[in-house]
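# Structural overview
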Amino acid sequence: MTGTVYKSTGSWYTVKSEQGDFIECRMKGKFRMKGIKSTNPIAVGDMVDYEQEETSDTITGTIHHIHDRKNYIVRKSVNLSHQMHIIAANIDRVFLLITINNPPTTFSFIDRFLVTAEAYGIETILVFNKIDTLDDVTLDDQLYMQHVYQEIGYQCLRVSAAERKGVEALKELMIGKTSMFSGHSGVGKSTLVNALEPTLDLKTKNISEQSKQGQHTTTFAEMYDLSFDASIIDTPGIKGFGIVDMEPQEISDYFPEFFRLKEQCKFNNCLHKEEPHCAIKAALDKDEIAWSRYNSYLKILEGDDEHYRTDVYDEDRKASDKTRE
């Protein structure tokens, strides 16, 4: 039988059959012997083949085949640096939720996410959530951050799940698609899903007053079918986003504003650092490329893992301030 993985807990997988039934499945152990350097060989969104196993009181299944994926979002595993973690697979569109200070989302985090999405050909829309909480200073920060990404070509939405501002515009972009919500803990993913589909009633928590960080309410990625012909994958909050499996020469290809200019560089293997006659650095000097984006590029090029850094927010702000100057 064939179905789609709707939930993964690491040992059990909830699979929706082609007939619309849900069945709890385990994975055949040999999958872990195929050299897949992933902490989760099967991800939410995967299409799989499984065999049903019926006992006296329940029906379960065993997954024996994973269909080829059209795409997936992957990041470096937090605890196992040489492995990757597949967040979700077979996604039509990703909505990256961003908050300015409740909790803060950095340019660095956004850029790492966008680079990965670009690499796997997944359209990403930036959703600036909690706009109802912004004061004059944070509103200026939000509008500036939005300006940076709109100039590159990314679509941006301003949303307040609490006040339902922008929710209908978001819903229109989800119709007929399988979408994924991602972002830090506390940016309001589950609250926004509840605003889109109140009957789901997903658990939510307030921001910790002591740390100003979000508290995990979504433990595992899970897909939900919505009443307006859409499916949504709600994912656990991400603290950092480690880049995997990218060669230095290809990283700039996933910065669209870099890619548009790289053919103008004198050297076709230009890394846009110290090389002469570099079109990207020339554009940077003319303020045609944001310093925050160039700073993110250098950190990714150097293999700097955002997971383990405590100073990333301060550096991110300095790069932003340099651009504004």
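Rules of the game
Residues numbered from 1 in each chain as written. Predicted model: local features only at pLDDT ≥ 70, side-chain atom pairs only at ≥ 80, totals over all residues. Heavy atoms only, no water. Helix = DSSP H or I, 4+ residues; strand = E, 2+ residues; numbered from the N terminus. Contact = heavy atoms within 4.5 Å. Areas by Shrake-Rupley, 256 points an atom, 1.4 Å probe, with all protein chains shown as cover. Buried < 20%, exposed > 50% of the residue type's maximum accessible area, 1.4 Å probe, protein only. Pairing = 2+ DSSP bridges. Core = buried A, V, L, I, M, F, W, Y, C linked by side-chain atoms within 4.5 Å. pLDDT = per-residue confidence, 0-100. Phe/Tyr/Trp six-rings, centres within 6.5 Å; stacked < 30°, edge-to-face > 60°. Lys NZ or Arg CZ within 6 Å of the ring centre and 35° of its normal. UniProt positions renumbered as here; feature names shortened; annotations may be inferred. Salt bridge = Lys/Arg side-chain N within 4 Å of Asp/Glu carboxyl O.

So, on to the overall build of the chain. Within the chain, the regular secondary structure consists of nine helices and 13 strands. Within the chain, contacts between residues separated by at least 24 positions form 64% of all contacts whose residues are at least 6 apart in sequence. Carbon and sulfur atoms provide 46% of the accessible area of the chain, an area that totals close to 15,900 Å².

Quick look at the pairing of strand E13 (residues 230-234) now. With respect to burial, E13 is a largely interior element, five of its five residues being buried. Judged by which residues are buried, E13 turns out to be covered on both faces: Ala 230, Ile 232 and Asp 234 on one side and Ser 231 and Ile 233 on the other are all buried. As paired strands, strand E12 (residues 222-226) and E13 are joined by five bridges and run antiparallel to one another. Across the sheet, residue Met 223 finds its bridge partner in E13, namely Ile 233. Between the antiparallel neighbours E12 and E13 lie three residues, among them Asp 229 with a positive phi of about 60°.

Formed by 34 residues in total, the largest nonpolar core has its most connected members in Ile 73, Ile 110, Leu 126, Met 145, Tyr 149 and Met 180. Elements with a contribution of two residues or more to this core: strand E7 (84-89), strand E8 (93-98), helix H1 (107-119), strand E9 (123-128) and helix H2 (136-152). Met 180 has contacts with Ile 73, Ile 87, Ala 88, Ile 91, Arg 93, Val 94, Phe 95, Phe 113, Ile 232, Ile 233 and Thr 235, leaving out every residue within four places of it along the chain. Core analysis: the second largest hydrophobic core is formed by 23 residues, Leu 97, Ile 125, Ala 195 and Tyr 224 among them.

Quick look at the confidence of the model for the chain now. Across the chain, the average pLDDT comes to 84, with 80% of residues at 70 or higher. Under a pLDDT of 50 for its full length, residues 206-218 has, in the predicted model, 31 contacts with residues more than four places off or in other chains. Long-range and interchain partners of residues 307-314, a stretch whose pLDDT sits below 50, account for 15 contacts in this model, where long-range means more than four residues apart.

Attention now moves to the packing of aromatic side chains. Under the definition given, this model contains 11 aromatic pairs. Seen in terms of ring centroids, Tyr 6 and Phe 22 are 5.4 Å apart; in terms of plane orientation they differ by 80°. Their pairing is edge-to-face. Here Tyr 6 is found in strand E1 (residues 2-8), whereas its partner Phe 22 is found in strand E3 (residues 22-27), with 16 residues between them in sequence. Seen in terms of ring centroids, Phe 107 and Tyr 144 are 6.2 Å apart; in terms of plane orientation they differ by 70°. Their pairing is edge-to-face. A residue pair is termed long-range when its members are at least 10 positions apart, and Phe 107 in helix H1 and Tyr 144 in helix H2 qualify at 37 residues. As far as the burial class goes, Phe 107 and Tyr 144 line up, both buried. Taken together, the ring pairs connect Phe 255, Phe 258, Trp 291, Tyr 294 and Tyr 297 into an aromatic cluster. The ring of Tyr 72 has Arg 69 sitting right over it, with the charged end atom 5.5 Å from the ring centre. Above the plane of the ring of Phe 228 lies Lys 171, whose end atom (NZ or CZ) is 4.9 Å from the centre.

Residues three or four positions apart in an α-helix share a direction because the helix packs 3.6 residues into each turn. Of all 11 residues making up helix H8 (residues 291-301), nine are buried, and the element is well covered by its neighbours. Taken together, the buried positions of H8 are occupied by Ser 292, Arg 293, Tyr 294, Ser 296, Tyr 297, Leu 298, Lys 299, Ile 300 and Leu 301. Of the residues one or two after H8, Gly 303 is the one with positive phi, at around 75°.

Before going further, it helps to spend a moment on the UniProt feature "binding site: Zn(2+)" (unreviewed entry) in the chain. Using the residue numbers shown here, the UniProt feature "binding site: Zn(2+)" (unreviewed entry) corresponds to Cys 265, Cys 270, His 272 and Cys 278. Within the element layout of this structure, Cys 265 appears in the loop between helix H6 (256-259) and helix H7 (279-285). We classify Cys 265 as buried; its relative accessible area is 8%. Sequence-distant contacts of Cys 265, that is, excluding residues within four places in its chain, are made with Cys 270, His 272, His 277, Cys 278, Ala 279 and Ile 280. Among the secondary structure elements, Cys 270 is positioned in the loop between H6 and H7. Beyond its immediate stretch of four places on either side in the chain, Cys 270 contacts Gln 249, Cys 265, Glu 275 and Cys 278.

Moving on: the pattern of salt bridges. Evaluated as defined, the whole model comprises 11 salt bridges. The closest approach of N and O atoms between Lys 16 and Asp 225, which form a salt bridge, is 2.6 Å. Here the residue Lys 16 occupies a position in strand E2 (residues 13-17), and Asp 225 occupies one in strand E12, the gap between them amounting to 209 residues. Lys 16 sits in the partly exposed class, given a relative accessible area of 21%. Take Asp 225: its relative accessible area is 35%, and that puts it in the partly exposed class. Put simply, Lys 262 and Asp 253 hold a salt bridge, and the shortest N to O gap is 2.6 Å. By relative accessible area, which is 19% here, Lys 262 ends up buried. Look at Asp 253 and you get partly exposed, because its relative accessible area is 28%. In the salt-bridge network here, residues are joined through shared partners; they are Asp 111, Glu 257 and Arg 293.

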